[in-house]
Amino acid sequence: MTKTKDAIYAAPLQEMIDFKFDERVVAVFPDMIQRSVPGYGMIISNIGILAGKYAQAGSHCYDLGCSLGAATLSMRQRISQPDCDIIAVDNSPAMIERGRELLARDSASTVPVTMICADLQDVAIENASVVVLNFTLQFIPPAQRLALIQRIYAGLNPGGILILSEKIAFAEPQRQHFHVELHHDFKRANGYSDLEISQKRSALENVMIPETLACHHDRLQSAGFSSSEVWFQCFNFASMVAMK
């Protein structure tokens, strides 16, 4: 698939509005995510590997906040257990519409996929063996995050996993500065200008609220997960696996 270059924040904006996953973002999303999130391709590939290992026969796998379905497709290509399906959820109609088009092109797997346009907090989680929140929880209001994680835990079968990828914060100002600056350098190396970096940061300020790894571990433990492990981190981006 040819990527359309992300230039949404390349020109000065007269009025800064909060970031949202609308048609403009959908059109450039593959380019945006690859140039903005260190290790994104590796995370997607390994979500498939994790799903292949932990998916249980006769269960559901969920991709909550699926965007265009990259994690869904990765899982679909790796799951081999019988009678297992994937439920992919996103609240952006434009994302779901484009995701369904991409899914229709995938003939490498017969694992059934249902893509749903809905608020993930309204979707029942049941008989689940794998649940993915790939850079999704950070967009949920902090006061609502524990309830969501508790619902996921309740809907997981014993031995099931939650894969949680997030942009993370650091409690120590020096560490926070170190990782933020390296992330900005990563974006500059991928062709983003200082203006683009600044304007996108402002647009995300009110809608994406990162937390520390300690906060994530504590919440997962409070929800009932027996363990949580960071399996990937690059700068201020990390992915964890929590096990029931």
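Worth saying up front: this structure is predicted, and the values here are computed from it rather than measured.

1. Side note on the packing of helix α2 (residues 40-54) against helix α3 (residues 70-78)
Okay, so step 1: Running from amino to carboxyl end, α2 crosses α3 at an angle of 40 degrees, the nearest separation of the two axes being 7 Å. By the angle between their directions, the pair α2 and α3 is classed as oblique. Crossing of α2 over α3 shows right-handed handedness. For the pair formed by α2 and α3, the contact residues are Tyr40, Ile44, Ser45, Ile47, Gly48, Ile49, Ala51 and Gly52 on the first element and Ala70, Ala71, Ser74, Met75 and Arg78 on the second.

2. Quick look at unusual backbone geometry
Okay, so step 1: Of note, aspartate 83 is a non-glycine position whose phi angle comes to about 55 degrees, a positive value.
Okay, so step 2: Take aspartate 83: it is sitting in the loop between α3 and β2 (85-90).
Okay, so step 3: At phenylalanine 135, a position not held by glycine, the phi torsion is positive, near 60 degrees.
Okay, so step 4: Structurally, the position occupied by phenylalanine 135 is in the loop between β4 (128-134) and α5 (142-155).
Okay, so step 5: Assessed through its relative accessible area of 9%, phenylalanine 135 is described here as buried.

3. Here we look at helix α6 (residues 173-189)
Okay, so step 1: Between the first and last C-alpha of α6 there are 24 Å, a value that for 17 residues agrees with the 24 Å anticipated at 1.5 Å per step.
Okay, so step 2: All buried positions along α6 are accounted for by His179, His183, His184 and Lys187. Summarising the axial view, the buried residues of α6 lie within an arc of 140 degrees, below the 170-degree limit, and thus occupy one face. Exposed and oriented more than 90 degrees from the buried face of α6 are Gln174, His177 and Ala189.
Okay, so step 3: Two residues or fewer after α6 comes glycine 191, characterised by a positive phi angle close to 100 degrees.

4. What to know about the UniProt feature "binding site: S-adenosyl-L-methionine" (unreviewed entry) in the chain
Okay, so step 1: In the numbering used here, UniProt assigns the feature "binding site: S-adenosyl-L-methionine" (unreviewed entry) to Tyr40, Gly65, Cys66, Ser67, Asp90, Asn91, Asp119, Leu120, Asn134 and Arg201.
Okay, so step 2: As for its placement among the helices and strands, tyrosine 40 is situated in helix α2.
Okay, so step 3: Tyrosine 40 sits in the buried class, given a relative accessible area of 8%.
Okay, so step 4: Setting aside its immediate chain neighbours within four residues, tyrosine 40 contacts Ile33, Gln34, Ala70, Asn134 and Phe135.
Okay, so step 5: Residue position: leucine 120 is located in the loop between β3 (113-117) and β4.
Okay, so step 6: Note on leucine 120: relative accessible area 8%, which makes it buried.
Okay, so step 7: Not counting residues within four places of it along the chain, the set of residues in contact with leucine 120 comprises Leu64, Gly65, Val89, Thr136, Ile140, Leu148 and Arg151.

So, how was this worked out
Residues numbered from 1 in each chain as written. Predicted model: local features only at pLDDT ≥ 70, side-chain atom pairs only at ≥ 80, totals over all residues. Heavy atoms only, no water. Axes fitted to C-alpha atoms, helices over the stretch in contact; angles between N-to-C directions. Helix = DSSP H or I, 4+ residues; strand = E, 2+ residues; numbered from the N terminus. Parallel < 35°, antiparallel > 145°, perpendicular 65-115°, else oblique. Left-handed = near helix turned anticlockwise from the far one by under 90°. Contact = heavy atoms within 4.5 Å. Buried < 20%, exposed > 50% of the residue type's maximum accessible area, 1.4 Å probe, protein only. Expected span 1.5 Å × (residues − 1). Arc of directions from axis to C-beta. UniProt positions renumbered as here; feature names shortened; annotations may be inferred.

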